[in-house]
Amino acid sequence: MASLESEATREIECIRRAQRGESEAFGPLVERYQQRIFAIVFHLVRRRDEVEDLAQEIFFKAFRAIRSYNFQSSFATWLSRIAVNHCYDYLRKVRASRITYYWEMTEESARELERNVESPQPRGLDHGEKLRLRDFVGRLLARAPADDRVILTLKELEDFSVEEIAELLNLKSSTVKVRLHRARKRMLEDLERWRQEGK
Amino acid sequence: MNCQAMRELVSDLEGGELSAEAREHVSKCAACRELLRDARVMQAGFRALAEEAVPEASFGFASRVIRRLHEWQEQGARQEFFETVGRRFVYATLALTLALLLSLVLPTSGPVRGVAGADFLGLQVESQSSQPDVIGGDLGDSHDWIPARQPE
């Protein structure tokens, strides 16, 4: 408990020093939150080779904006918000090409996978199936509009609560719920379209 | 339950169980069965995506960020210096230009400065010859604000 408190105090001290322009004081903050930022970036962007560059840009941006941090929300939330916004801008710039839509799975193996998934405990999927499923849903997610992708990623992959997402995106919880519902629905429709197009 | 209601329900399923009513509808409707299967595929896909290992920051990541911040700060300081100097230079040039323009324009615009303007235009000699200065003498400057007396 005391250790947590001292850690929080140290963090506040680092933030205050960084706000005075001491870039050295920002180092411990980078070390503390780098993995969190890496996770957000990776889940949102899904390009391993881009993650580190984007994370660096996010920390750079955060340092430049740190004077605007007013301790109202936690530093983690404030930083995550910058990360989400940065990735959102990135996603809007680099929209996935339509080529990524096509799934390299045969119709037969897709059906088999679906049958396995249909069971209430899809944990029973073997490694190969999981990989294919991951690839497939990853591709569907990649072609979703940036808004849908951000909100679905935060909910489904980052496991944020509706309230946390609302805080991150500066939205009302009710708005987040509606957007989540619409995003899921759109992805399902996209999956249906894919099926109707016969792949 | 109809298909539309089922569609709304499936979008928010999040891995939960279907109600008895929904199960009954699904058992009779092939389209909704397919929809439900799609939803399960998506849920399982999201879980698989969430389980994927996140790349770790490479060694020295934080140090590189700090180095970049240092460079930016130094560059920023240099830039600020040049901006300040540059800005002052521009202001000074503007002020000089304005002063020059005023010296060209203002002399002809008023009765008091009319003479100065005339001086500037080389008409001073004529002015002096017609109105000798009582203070400065014949060769002195003219001072129009002192009423000139007629020589006795």
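Residues numbered from 1 in each chain as written. Chains lettered and ligands numbered in written order. Predicted model: local features only at pLDDT ≥ 70, side-chain atom pairs only at ≥ 80, totals over all residues.

## Remarks on the overall build of chain B
Within chain B, the secondary structure is distributed over 6 helices and 0 strands. For chain B, the sequential pattern of α-helices and β-strands runs α-α-α-α-α-α. Relative to all contacts within chain B whose residues are 6 or more apart in sequence, the contacts with residues 24 or more apart total 32%. (Helix = DSSP H or I, 4+ residues; strand = E, 2+ residues; numbered from the N terminus. Contact = placed C-beta atoms within 7 Å.)

## Concerning the overall build of chain A
Broken down by element type, chain A carries 9 helices and 0 strands. Of the regular secondary structure in chain A, the N- to C-terminal order runs α-α-α-α-α-α-α-α-α. Within the span of chain A, comprising 199 residues, buried residues form 34% of the whole. Partitioning the contacts of chain A with sequence separation of at least 6, the portion at a separation of at least 24 is 64%. (Buried ≥ 20, exposed ≤ 12 C-beta atoms within 10 Å, placed from the backbone.)

## A few points about the interface of chain B and chain A
At the junction of the two partners, chain B supplies 31 residues and chain A supplies 38 residues. Of all the elements in the fold, those that place two or more residues in the side of chain B that touches chain A are helix 1 (3–11), helix 3 (30–51) and helix 4 (61–105) of chain B. Here the side of chain B that touches chain A gets 13 residues from one element, more than from any other, and that element is helix 3 of chain B. For the side of chain B that touches chain A, a count of residues per class yields 18 nonpolar, 5 polar and 8 charged. (Nonpolar A, V, L, I, M, F, W, Y, C, P; charged D, E, K, R; others polar.)

## A short note on the packing of helix 9 (residues 173–196) of chain A against helix 3 of chain B
Two elements in contact, helix 9 of chain A and helix 3 of chain B, have axes whose closest approach is 10 Å; the angle formed by their N-to-C orientations is 115°. One way to sum up the angle between helix 9 of chain A and helix 3 of chain B is to call them roughly perpendicular. Crossing angle aside, the handedness with which helix 9 of chain A passes helix 3 of chain B is right-handed. Residue-level contacts link A:Met187, A:Leu188, A:Leu191 and A:Glu192 of helix 9 of chain A to B:Leu35, B:Asp38, B:Ala39 and B:Met42 of helix 3 of chain B. In terms of residue class, the contact of helix 9 of chain A with helix 3 of chain B is made up of 6 nonpolar, no polar and 2 charged. (Axes fitted to C-alpha atoms, helices over the stretch in contact; angles between N-to-C directions. Parallel < 35°, antiparallel > 145°, perpendicular 65-115°, else oblique. Left-handed = near helix turned anticlockwise from the far one by under 90°.)

## Looking at helix 7 (residues 146–157) of chain A
Under the 1.5 Å per step criterion, the end-to-end length of helix 7 of chain A is 15 Å for 12 residues, consistent within 8% with the ideal 16 Å. When you tally the buried positions in helix 7 of chain A, you get 10 out of 12 residues, the bulk of the element. Three or more residues of helix 7 of chain A are buried, namely A:Asp148, A:Arg149, A:Val150, A:Ile151, A:Leu152, A:Thr153, A:Leu154, A:Lys155, A:Glu156 and A:Leu157. Elements in contact with the buried residues of helix 7 of chain A: helix 2 (27–45), helix 4 (75–93), helix 6 (127–142), helix 8 (162–169) and helix 9 of chain A together with helix 3 of chain B. Backbone geometry just after helix 7 of chain A places A:Asp159 at a positive phi near 60°. (Expected span 1.5 Å × (residues − 1).)

## Here we look at the confidence of the model for chain A
Taken as a whole, chain A shows an average pLDDT of 83; of its residues, 82% reach a score of 70 or greater. Contacts for the low-pLDDT stretch residues 96–104 of chain A, under 50 throughout, to residues beyond four places or in other chains number 11 contacts. (pLDDT = per-residue confidence, 0-100.)

## As for unusual backbone geometry
Residues and elements named next belong to chain A. Unusually for a residue other than glycine, Arg-46 sits at a positive phi of about 60°. Within the secondary structure layout, Arg-46 lies in the loop between helix 2 and helix 3 (48–65). Overall, the presence of 20 C-beta atoms within 10 Å leaves Arg-46 in the buried class. You will see that Phe-71, though not glycine, has its phi angle at about 65°, which is positive. In this structure, Phe-71 sits in the loop between helix 3 and helix 4.

## Considering the nonpolar core
In terms of nonpolar packing, the biggest core is built from 67 residues, with A:Ile37, A:Val41, A:Ala83 and A:Cys87 touching the most fellow members. Setting aside residues up to four positions removed in sequence, A:Val41 forms contacts with A:Val51, A:Leu54, A:Ala55, A:Ala83 and A:Cys87. (Core = buried A, V, L, I, M, F, W, Y, C linked by C-beta atoms within 7 Å.)

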